Structure formats: C-alpha cells, structure tokens
Number of protein chains: 2
Amino acid sequence: MSETQMPTARTRVVREADRAVYDREAVYRILDEGFLCHAGFVVDGQPFVIPTSYGRKGASLYIHGSAASRMLRQMQKDEGVPVCITVTLLDGLVLARSVFNHSMNYRSVVILGKATLVDDPEEKLAALRVLSEHILPGRWDDSRQPNERELKATSVLRVPIDEFSAKVRVGPPIDDEEDYAFPTWAGVVPLEMVAGTPIDDARLDPGREVPAYAKHYSRR
Amino acid sequence: MSETQMPTARTRVVREADRAVYDREAVYRILDEGFLCHAGFVVDGQPFVIPTSYGRKGASLYIHGSAASRMLRQMQKDEGVPVCITVTLLDGLVLARSVFNHSMNYRSVVILGKATLVDDPEEKLAALRVLSEHILPGRWDDSRQPNERELKATSVLRVPIDEFSAKVRVGPPIDDEEDYAFPTWAGVVPLEMVAGTPIDDARLDPGREVPAYAKHYSRR
C-alpha cells in the first residue's frame with residue numbers, strides 16, 4: 001500500500017497548528033494507549049458519533065459490536081463507509097491566570113477513511129483476537145473462544161490507518177505576559193484513567209485468583 | 001420550547017435496547033459528570049469527530065474553541081450545523097467466561113441537533129462562564145476574565161438538548177449458562193478518571209496555595 005503523504009488537506013490541523021503531529025509511530029503510541037474510540041458516520045446528512053472499543057494491528061484499526069452494525073447499514077456494497085475514528089487521551093486541566101488561556105492537556109488522533117467489512121471467517125477471528133489483546137493482553141487465551149454461531153453474529157469492520165493526524169498539548173499554562181502578575185493559582189491538574197480493584201463475579205469458582213492482567217491493569 | 005418525544009426514530013437504541021435510557025434527568029446526570037464530548041459534523045459527505053470540552057445549562061449544551069471554529073465553517077447562515085454530540089463515561093472492563101460476552105460498563109449520551117452561533121456578547125460571556133463552571137466550579141471568579149478582544153476571538157456554539165438518548169451498562173458479566181463452568185476468572189475491572197496532585201506553574205507567586213477546587217478535583 002502506498003503511503004498517503006501526511007497531512008492531507010482534510011487532516012491538516014488548522015487551529016493551534018503547533019500541536020499537530022503527523023508522525024505514524026507517534027500516532028500508533030496514542031492509539032495503543034487508548035482502547036475507546038468515537039466513530040463518526042453519516043446517515044442522510046446527519047452525523048452520528050458512537051463510542052466503541054477498537055484494536056490496532058499494523059496500519060489497520062478494527063471495530064466490532066453495535067457501532068460496527070450501525071455503520072454496516074450505511075455501507076454501499078464493497079465500497080465501505082466513510083468514517084472518522086477519533087481517540088482522545090485526556091491528561092489534565094490547564095489552569096491559566098486568564099479564563100481565555102485555560103486549556104487541557106490531551107493527546108488525540110483523528111483517522112479518516114472507509115470502513116470495510118471483514119467477512120472472511122479466519123480474518124474475522126484474527127481481528128477479534130487483535131481487539132481482545134489490544135484491550136486486555138492475555139485475556140483471549142484465558143477465555144472460552146468464539147464458536148461459529150458467535151462469529152456469524154459479530155460484525156467486524158476494518159479502517160485503514162492511512163489518512164490521519166494527531167494533536168497533542170503538554171505542559172504548563174501559557175499566559176499573556178501581562179497576566180503573570182494576576183493574583184491567582186495557576187498550574188495543571190493531572191488526570192488519568194486508573195483501574196480499581198477487580199470485582200469477582202458472584203458465580204466465580206471459590207479460590208480462583210484474579211489474573212495479573214486484571215489485577216495490575218494499566219494502559220501505560 | 002415543546003419537548004420532542006423521546007426516543008425519535010433517529011435516537012432509538014436498536015442494539016442492546018435494554019441498555020437504553022431516554023429520561024432527561026438521567027441524561028443530565030451523565031452530561032454533568034463528564035466535560036469532554038466528541039462532536040461530529042459533516043464536510044462534503046465526510047464525517048469529522050473532534051474532542052472538545054462542553055458546558056451544560058438547562059437544555060443547552062455549549063462548546064467553544066477549535067471544534068466550534070471548524071463547525072462554524074460548515075454553517076449555513078442562521079440555519080445551524082447538523083451535529084452529533086457524544087459524551088462517554090467509561091466505568092469498567094467486563095470480563096466474561098466467553099470472549100463473546102466480554103463487554104464494558106459505561107454511560108454514554110448522544111445528542112442530535114443543529115449547533116447555532118451564540119453571537120450576542122452578553123449571552124456569549126454567560127455561555128463561557130457556563131463552560132468554565134461546568135469543568136471547574138469556582139475557577140471563573142479566580143481568573144482574569146475575558147476582555148472584549150478575547151470575546152471577539154472566541155466562537156461559541158449552542159446545541160439544544162432536545163433529541164437525545166443514553167446507553168448505560170452496569171454490573172457483572174452475563175455469561176451463557178453453559179459457560180459458567182469454564183475454568184477462568186470473571187468479573188469487572190473498574191475504571192475511573194482520577195485527578196492527581198496539582199502541579200504549580202513555574203512562575204507561580206511563592207506561597208500561593210492550591211485552591212480546594214483543584215486540590216480535590218473530582219467529577220462525582
């Protein structure tokens with residue numbers, strides 16, 4: 001596959017262009033830390049944005065479940081559905097002296113492309129494994145794996161990671177020079193998605209231990 | 001304003017319909033716990049999904065900044081831009097015995113509507129205050145407030161909370177009856193967005209204390 005030159009006219013970051021990132025490896029790092037995306041598609045001119053989990057392998061992003069099913073209904077045979085996949089990691093609130101310079105620290109990726117159906121059973125199974133391992137590495141081999149009926153009941157879509165951009169803000173507030181004397185606190189309130197103590201299912205076999213991948217779950 | 005009967009054909013939850021919520025107060029509770037939305041709009045048939053902060057007052061949701069600016073370019077004079085505003089709170093990973101029954105606990109809201117420009121200066125200032133207080137209550141009065149130049153440089157859009165739905169999943173995994181004997185751990189890994197210790201700006205006045213709203217920041 002030939003590489004699209006980044007950014008395209010559609011993915012060029014116009015506002016706060018100094019925050020733009022077009023480097024594929026940097027984009028992959030953001031995609032690999034996240035696992036929840038917001039998938040956008042259009043029905044009769046109306047945009048829809050649906051949260052859904054995703055997995056990445058190489059230059060492919062996979063989604064499944066109800067978001068995939070809804071998109072599927074918009075698909076022209078073999079042509080795919082125009083989608084926008086957005087992944088956002090929120091890192092903090094940025095408190096400046098002026099209201100105007102308040103901001104957030106974040107890392108976000110926007111992918112534009114056409115989602116296409118993964119319908120070969122072998123490829124579908126592989127994509128579901130990618131999804132599972134992306135969200136919770138190690139879990140696939142510990143679970144009862146999909147049977148033929150479940151595979152048939154699951155829609156999987158592939159979105160090529162071909163046309164993309166990222167936007168990243170890090171660091172302290174940047175105030176206008178004359179505002180540094182304004183008498184208020186300024187700085188960053190860090191934010192992070194953290195995992196709590198796993199909750200055993202009520203019907204769990206007595207004595208079964210929480211596996212390490214659930215006990216020490218972290219995206220970093 | 002007359003209340004649209006919920007759900008409309010466009011907001012009815014089709015997949016996992018038992019997770020659907022159409023109650024306005026329940027939707028407001030989700031919107032008020034969150035402050036980051038994913039805003040979807042369409043340019044030449046291509047959907048775009050942009051992360052941005054928001055504020056709510058009554059049945060109005062406000063956004064500003066670069067997402068608002070980008071949408072604004074799509075606006076027909078006085079008619080507004082068709083948008084989808086989606087807010088997702090992620091509460092946990094749900095580990096079932098079977099791969100197929102893995103899920104997530106989450107609360108999400110989807111709002112469909114037309115975003116319109118808030119251009120009256122007084123209303124714009126009020127909307128910016130709503131945004132600020134939604135994200136960080138108490139901060140507005142502690143900051144240097146917007147001047148005329150900054151107000152002019154800021155685009156604010158209003159989206160009516162009129163056509164909406166929510167989807168909520170809570171609780172343990174639900175496995176197929178025959179899978180409960182499968183020898184693996186099952187349960188929930190809780191996830192939560194938490195605030196860390198505030199980081200003083202390097203140019204902060206010595207001796208200035210972190211305010212309570214930053215020190216004990218929580219969305220719950």
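Residues numbered from 1 in each chain as written. Chains lettered and ligands numbered in written order. Predicted model: local features only at pLDDT ≥ 70, side-chain atom pairs only at ≥ 80, totals over all residues.

Thoughts on the overall build of chain A
Logical step 1: Counting its secondary structure elements, chain A contains 6 helices and 11 strands.
Logical step 2: Taken over the C-alpha atoms alone, chain A extends approximately 65 × 50 × 30 Å along its principal axes.
Logical step 3: With 220 residues in all, chain A has 40% of them scored as buried.
Logical step 4: Counted over contacts in chain A with a minimum sequence separation of 6, partners at least 24 positions apart contribute 74%. (Helix = DSSP H or I, 4+ residues; strand = E, 2+ residues; numbered from the N terminus. Buried ≥ 20, exposed ≤ 12 C-beta atoms within 10 Å, placed from the backbone. Contact = placed C-beta atoms within 7 Å.)

As for the pairing of strand β2 (residues 36-43) of chain A
All names here are of chain A.
Logical step 1: Along β2, 6 of the 8 residues are buried, which leaves the element largely enclosed by surrounding structure.
Logical step 2: In this sheet, strand β3 (residues 46-53) lies alongside β2 in antiparallel orientation, the contact comprising 8 bridges. Within β3, the residue paired with H38 across the bridge is P51.
Logical step 3: Connecting the antiparallel pair β2 and β3 is a turn made up of 2 residues, with D44 showing a positive phi of about 50°.
Logical step 4: Strand direction decides the pairing type here: β2 and strand β6 (residues 81-95), joined by 3 bridges, are antiparallel. Of the residues in β6, the one forming a bridge with G40 is C84. (Pairing = 2+ DSSP bridges.)

Description of the environment of G196(B)
Logical step 1: By secondary structure assignment, the location of G196(B) is in the loop between β10 (187-195) and β11 (199-200).
Logical step 2: Between the C-alpha atom of G196(B) and that of K215(B), which follows or precedes it by 19 residues, the distance is 8.4 Å.
Logical step 3: Every residue in contact with G196(B), bar those within four places of it in the chain, is listed here: P190(A) and E192(A).

Thoughts on the confidence of the model for chain A
Note: predicted coordinates in regions of low pLDDT should not be interpreted at a detailed level.
Logical step 1: Averaged over every residue, the pLDDT of chain A is 93; residues scoring 70 or more account for 97%.
Logical step 2: Our summary of model confidence lists the complex with pTM equal to 0.95 and ipTM equal to 0.94. (pLDDT = per-residue confidence, 0-100.)

Concerning the interface of chain B and chain A
Bring the parts together and some accessible area is lost; that lost area is often taken as the interface size.
Logical step 1: At the junction of the two partners, chain B supplies 78 residues and chain A supplies 78 residues.
Logical step 2: Sort the elements by how many residues they give to the side of chain B that touches chain A and β10(B) lands first, with 9 residues.
Logical step 3: Looking at side-chain class alone, the side of chain B that touches chain A contains 46 nonpolar, 17 polar and 15 charged residues. (Nonpolar A, V, L, I, M, F, W, Y, C, P; charged D, E, K, R; others polar.)

Quick look at the relation of the copies chain B and chain A
Logical step 1: Superposition record for chain B on chain A: RMSD 0.0 Å, screw rotation 180°, translation along axis 0.0 Å. What we have between these two chains is a two-fold relation. Considering only C-alpha atoms, the residue of chain B closest to the rotation axis is M193(B), which sits at 2.1 Å.
Logical step 2: Both copies contact each other with a shared surface, as 100% of the interface residues of chain B are interface residues in chain A too. (Least-squares fit on C-alpha atoms with pLDDT ≥ 70 in both.)

Describing helix α3 (residues 121-135) of chain A
Logical step 1: Across its 15 residues, α3(A) extends 21 Å between first and last C-alpha, which sits within 8% of the 21 Å expected from 1.5 Å per residue.
Logical step 2: Taken together, the buried positions of α3(A) are occupied by K124(A), A127(A), L128(A), V130(A), L131(A), S132(A) and I135(A). (Expected span 1.5 Å × (residues − 1).)

Observations regarding the environment of P183(B)
Logical step 1: Looking at the element boundaries, P183(B) is found in the loop between β9 (163-169) and β10.
Logical step 2: Between the C-alpha atoms of P183(B) and R97(B), which are 86 residues apart in sequence, the distance is 8.0 Å.

What about unusual backbone geometry?
Residue and element names in this part refer to chain A.
Logical step 1: One non-glycine residue with positive phi stands out, namely D44, at about 50°.
Logical step 2: When you line up the elements, D44 lands in the loop between β2 and β3.
Logical step 3: For D44, a count of 7 C-beta atoms within 10 Å gives the class exposed.

Notes on the environment of V110(B)
Logical step 1: Assignment of secondary structure puts V110(B) in strand β7 (residues 103-117).
Logical step 2: In sequence terms V110(B) and I199(B) are 89 residues apart; their C-alpha atoms lie 34 Å from each other.
Logical step 3: For V110(B), the contacting residues outside a window of four places in its chain are V49(A), T11(B), C84(B), T86(B), F164(B) and S165(B).

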